Amino acid sequence: GQQLNQSPQSMFIQEGEDVSMNCTSSSIFNTWLWYKQDPGEGPVLLIALYKAGELTSNGRLTAQFGITRKDSFLNISASIPSDVGIYFCAGLFMGGSQGNLIFGKGTKLSVKP
Amino acid sequence: EADIYQTPRYLVIGTGKKITLECSQTMGHDKMYWYQQDPGMELHLIHYSYGVNSTEKGDLSSESTVSRIRTEHFPLTLESARPSHTSQYLCASSELGHPYGYTFGSGTRLTVV
């Protein structure tokens, strides 16, 4: 089936740092979504993108729908401790998957010791 | 405020027992999903439903079964629990054909001893 390659798999942040993560695919997607999962909870939608080239912000979060429709990135500016968690990209594949979202494997954000 | 509810939040059960994980949503969503999340974070789709009386198998083979007798209710059943079933189970729902993504429940952490 279709896959999303999400990177990095994990990263450590210090408060105040900017964070960047991305998702790529060999296939074209017509929707990109970014979710965050806090420990012990389900993922929560952060940002949804529907058009190639679209750049959308939600507070300190900014995400872009790649112009080729095959990638997306998420940036977090001036990170704070509550940003820790697992971030998932998800895409709706144009060619099938029964209309189900395809999820990346996640990026785990932790605080630097 | 959560619009999709999963019970129980935590369950420790002995091998061979039959268990049912409950999932209910109040949003009137047609489509519902069950995901299994391993400790490595990745989300695996195990079941989904397009609506009442519809159940489909997901990408990851699972010994569990599901039913959809009412729009709002999508329970998952394990007839005979085994230690290999130990995992986090997440339920989600979405509008049929709607690109706004999924709403997830808080999950059930299942431990089979």
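Throughout, a residue's number is its position along its own chain's written sequence, starting from 1. Just so you know, chain letters begin at A and ligand numbers begin at 1, following the order they were written in. Per-residue local features are limited, in this predicted model, to residues with pLDDT of at least 70; the limit for side-chain atom pairs, both in listing and counting, is 80 or more; totals at the level of whole chains, interfaces and linings are taken over all residues. With hydrogens and water stripped out, all remaining heavy atoms of the structure feed into the side-chain values.

Caption draft 1: Main features of the pairing of strand E5 (residues 44-49) of chain A. All names here are of chain A. Between any two strands, pairing holds if DSSP finds at least two bridges. Helical segments are the DSSP runs of H or I of at least four residues, strand segments are the runs of E of at least two, and each set is numbered from the N terminus. Examined bridge by bridge, strand E4 (residues 29-37) and E5 share five bridges and lie antiparallel to one another. Following the sheet pairing, Trp-34 is matched in E5 by Ile-47. With antiparallel pairing between neighbouring strands as the criterion, E4 and E5 make up a hairpin whose turn holds six residues, including Gly-40 at a positive phi of roughly 75 degrees.

Caption draft 2: Layout of unusual backbone geometry. Cis rather than trans, the peptide bond between A:Ser7 and A:Pro8 has omega equal to -5 degrees. Following the sequence through the fold, A:Pro8 ends up in the loop between strand E1 (5-7) and strand E2 (10-13). B:Thr7 connects to B:Pro8 through a cis peptide bond whose omega is -10 degrees. Position of B:Pro8 among the secondary structure elements: in the loop between strand E1 (4-7) and strand E2 (10-13).

Caption draft 3: View of the nonpolar core. To qualify as a nonpolar core, a set must consist of buried Ala, Val, Leu, Ile, Met, Phe, Trp, Tyr and Cys residues joined through side-chain atoms within 4.5 Å. Accessible area is worked out with a 1.4 Å probe on protein chains only. A residue is then buried under 20% of its type maximum, exposed over 50%, and partly exposed in between. Counting residues in hydrophobic clusters, the biggest one holds 21 residues, and the most contacted among them are A:Trp34 and A:Leu74. Those elements that provide at least two residues to this core are E2, strand E3 (19-24), E4, E5, strand E7 (61-65), strand E8 (71-76) and strand E9 (85-93) of chain A. Counting residues in hydrophobic clusters, the runner-up holds 19 residues, among them A:Ile86, A:Leu101, A:Phe103 and B:Leu45.

Caption draft 4: Geometry of the environment of B:Leu45. Locating B:Leu45 in the fold gives a position in strand E5 (residues 43-49). Taking C-alpha positions, B:Leu45 is 18 Å from B:Gln25, a pair spaced 20 residues apart along the chain. With near-sequence residues (within four places) excluded, B:Leu45 lies in contact with A:Asn100, B:Tyr33, B:Trp34, B:Tyr35, B:Gly58, B:Asp59 and B:Leu60. Whether two residues are in contact is decided by their heavy atoms, any of which lying within 4.5 Å being enough.

Caption draft 5: The arrangement of the sheet that holds strand E3 (residues 19-25) of chain B in detail. Residues and elements named next belong to chain B. Spatially, E1-E3-E8-E7 is the arrangement adopted by the four strands of the open sheet, whose pairing is antiparallel. The open sheet terminates on both sides in strands that have one partner only, identified here as E1 and strand E7 (65-66). Where E7 meets strand E8 (residues 76-78), two bridges bridge the pair, whose relative direction is antiparallel. Across the sheet, residue Thr-65 finds its bridge partner in E8, namely Thr-77.

Caption draft 6: Inspection of the confidence of the model for chain B at higher detail. The pLDDT value expresses, per residue, how confident the predictor is, ranging between 0 and 100. Per-residue pLDDT for chain B has a mean of 93; in total, 96% of the residues score no lower than 70. Mean pLDDT across the elements of chain B ranges from a minimum in strand E6 (residues 56-57) of chain B, with 94, to a maximum in E3(B), with 98.

Caption draft 7: Structural view of the layout of surface pockets. Computed over the protein atoms alone on a 1 Å grid, cavities are sets of points where a 1.4 Å probe fits but cannot get out and pockets are open sets with protein on both sides within 12 Å along at least five of seven lines; a residue lines them when it has an atom within 4 Å of a point. Grid points are joined across faces, edges and corners, and a volume is the space filled by probe spheres set on the points. Estimated volume of the largest pocket: approximately 530 Å³. Along its surface, the largest pocket is lined by 23 residues, and A:Gln2, A:Ile102, A:Phe103, B:Leu43 and B:Asp59 are the ones closest to its centre. Among the secondary structure elements, those contributing two or more residues to the lining of the largest pocket are E1 and strand E10 (101-103) of chain A together with E5 of chain B. The element that contributes the greatest number of residues to the lining of the largest pocket is E5(B), accounting for four residues. Just so you know the grouping, Ala, Val, Leu, Ile, Met, Phe, Trp, Tyr, Cys and Pro go in nonpolar, Asp, Glu, Lys and Arg go in charged, and all remaining residues, Gly too, go in polar. Among the residues forming the lining of the largest pocket, the class breakdown is nine nonpolar, 10 polar and four charged. What the second largest pocket holds in volume is close to 360 Å³. Lining the second largest pocket are 20 residues, with A:Gln37, A:Pro39, A:Gly40, A:Ile86 and B:Arg109 sitting closest to its centre. Among the elements of the structure, E9 and strand E11 (107-111) of chain A are those that each provide at least two residues to the lining of the second largest pocket. Grouping the amino acids of the lining of the second largest pocket by side-chain chemistry returns seven nonpolar, seven polar and six charged.

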